[in-house]
Amino acid sequence: MSASPSLSSLSHIVTTLRSAGCVFAEDEARLLLSAARTPADLAAMVDRRVHGLPLEHVLGWADFCGLRIAVDPGVFVPRPRTQFLVGQAIALARPGAVVVDLCCGTGAMGVALAATVDGVALHAVDIDPVAVRCARRNLATAGGHVHEGDLYAPLPATLRGRVDLLIASAPYVPTEAIGLLPPEARVHEPRVALDGGTDGLDVVRRVIADAPRWLAPDGHLLVETSERQAARTAAAVARAGLAPRVAACEDLDATAVIGARRG
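Predicted model only: the values in this text are computed from it and were never measured. (Residues numbered from 1 in each chain as written. Predicted model: local features only at pLDDT ≥ 70, side-chain atom pairs only at ≥ 80, totals over all residues. Heavy atoms only, no water.)

(A) Representation of the overall build of the protein chain. Helices and strands together make up the secondary structure of the protein chain, namely 10 helices and 9 strands. Radius of gyration (C-alpha) of the protein chain: 19 Å, near the 18 Å computed for a compact globule of 263 residues. By its C-alpha atoms, the protein chain is 65 × 40 × 30 Å across when sized along the principal axes. Nonlocal contacts in the protein chain, meaning residues at least 24 apart in sequence, comprise 61% of its contacts between residues at least 6 apart. (Helix = DSSP H or I, 4+ residues; strand = E, 2+ residues; numbered from the N terminus. Rg over C-alpha atoms; globule rule 2.2 N^0.38 Å. Contact = heavy atoms within 4.5 Å.)

(B) Representation of helix α9 (residues 202–214) in the model. When the terminal C-alpha atoms of α9 are compared, their 19 Å separation across 13 residues agrees well with the 18 Å that a helix rising 1.5 Å per residue should span. Where α9 is concerned, the buried positions are V203, V204, V207, I208, A211 and W214. Buried residues in α9 make contact with β3 (98–102), β6 (163–168), β7 (215–225) and α10 (230–239). (Expected span 1.5 Å × (residues − 1). Buried < 20%, exposed > 50% of the residue type's maximum accessible area, 1.4 Å probe, protein only.)

(C) Layout of the UniProt feature "domain: Methyltransferase small" (unreviewed entry) in the protein chain. Mapped onto this structure's residue numbering, the UniProt feature "domain: Methyltransferase small" (unreviewed entry) falls at residues 93–171. Each end of residues 93–171 is marked by a C-alpha atom, and these two atoms are 24 Å apart; helix forms 25% of the span and strand 27%. (UniProt positions renumbered as here; feature names shortened; annotations may be inferred.)

(D) Structural detail: the environment of H188. Tracing the sequence through the fold places H188 in helix α8 (residues 183–188). When the C-alpha atoms of H188 and V77 are compared, they prove to be 9.7 Å apart, with 111 residues separating the residues in sequence. Here H188 is in contact with H51, G52, L53, P54, H57, G74 and P183, once residues within four sequence places are set aside. A polar contact is formed between the side chain of H188 and the backbone oxygen of G52, at a distance of 3.4 Å. (Polar contact = N/O pair within 3.5 Å; in protein donor to acceptor, adjacent residues only side chain to side chain.)

(E) Spatial organisation of the nonpolar core. Grouped together as the largest cluster of nonpolar side chains are 30 residues, with contacts concentrated most on F64, V99, I167 and L222. When contributions to this core are tallied by element, the ones reaching two or more residues are α5 (82–92), α6 (108–116), β4 (121–126), α7 (129–139), β6, β8 (243–249) and β9 (254–260). Among the elements that line this core, the one with the most residues is α6, at 5 residues. Once residues lying within four places of it in the same chain are set aside, the contact partners of F64 are I69, P78, R79, T82, Q83, V86, A108, M109 and A112. A168, L215, L242 and V257 belong to the second largest nonpolar core, which has 28 residues in total. (Core = buried A, V, L, I, M, F, W, Y, C linked by side-chain atoms within 4.5 Å.)

(F) Here's a closer look at the confidence of the model for the protein chain. Overall, the predicted model of the protein chain reaches an average pLDDT of 93, with 97% of residues at or above 70. Across residues 1–5, where pLDDT falls below 50, the model places 11 contacts with residues more than four positions away in sequence or in other chains. (pLDDT = per-residue confidence, 0-100.)

So, in structure tokens, the structure goes:
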């Protein structure tokens, strides 16, 4: 099945996917055709996609920063917009940096950093045990450590005051907006990875409030947020005693708030 598909096969799958509402039906069809081992395997994969399973869950992987990241069923799928946060972190990183990835999901951000910056000491945390298992697979070759628990709680106390880069793609969807998300997200991804509370910033504020205790002198906190939440997020960073700035990428519809610890 990995051989080049016939046009009729491709055309049929594209039509099927498009009828199910898949916007990038042709790209998805080619990926499914290349991944399927047998015709029966292909039929099952197309059926799962038509019934709303995220493409990355069907394939078992996502393309993130040019890397193939394993994505297990029920785990939050890394979003293309999050690549912008990674780029901002890479620009601040130095070889051997101590990096902590909170709410890590698959561990995609940490993997991308470790693939780009030499010798990083990487720690990742997630509260979801399914995500933790997935992240451990992805970070195995990067030599990273994945901890299960609530934000900073499971991190080794020896990291306090030593973290150079603290990155977080925490849930920031307001609770009342969860029902407006595409079925791919609200049905097939864990709510704990989506729901940010009343204004979407409950978890983000907790990440920010404790960040100064963990950051090294001249360390940086990088938090993903939305454009409409950026001002409130930056204000929370300032209240925590960090110097905030907002970075954005229109092409990726991505917004990040960066807080710098000085001295």
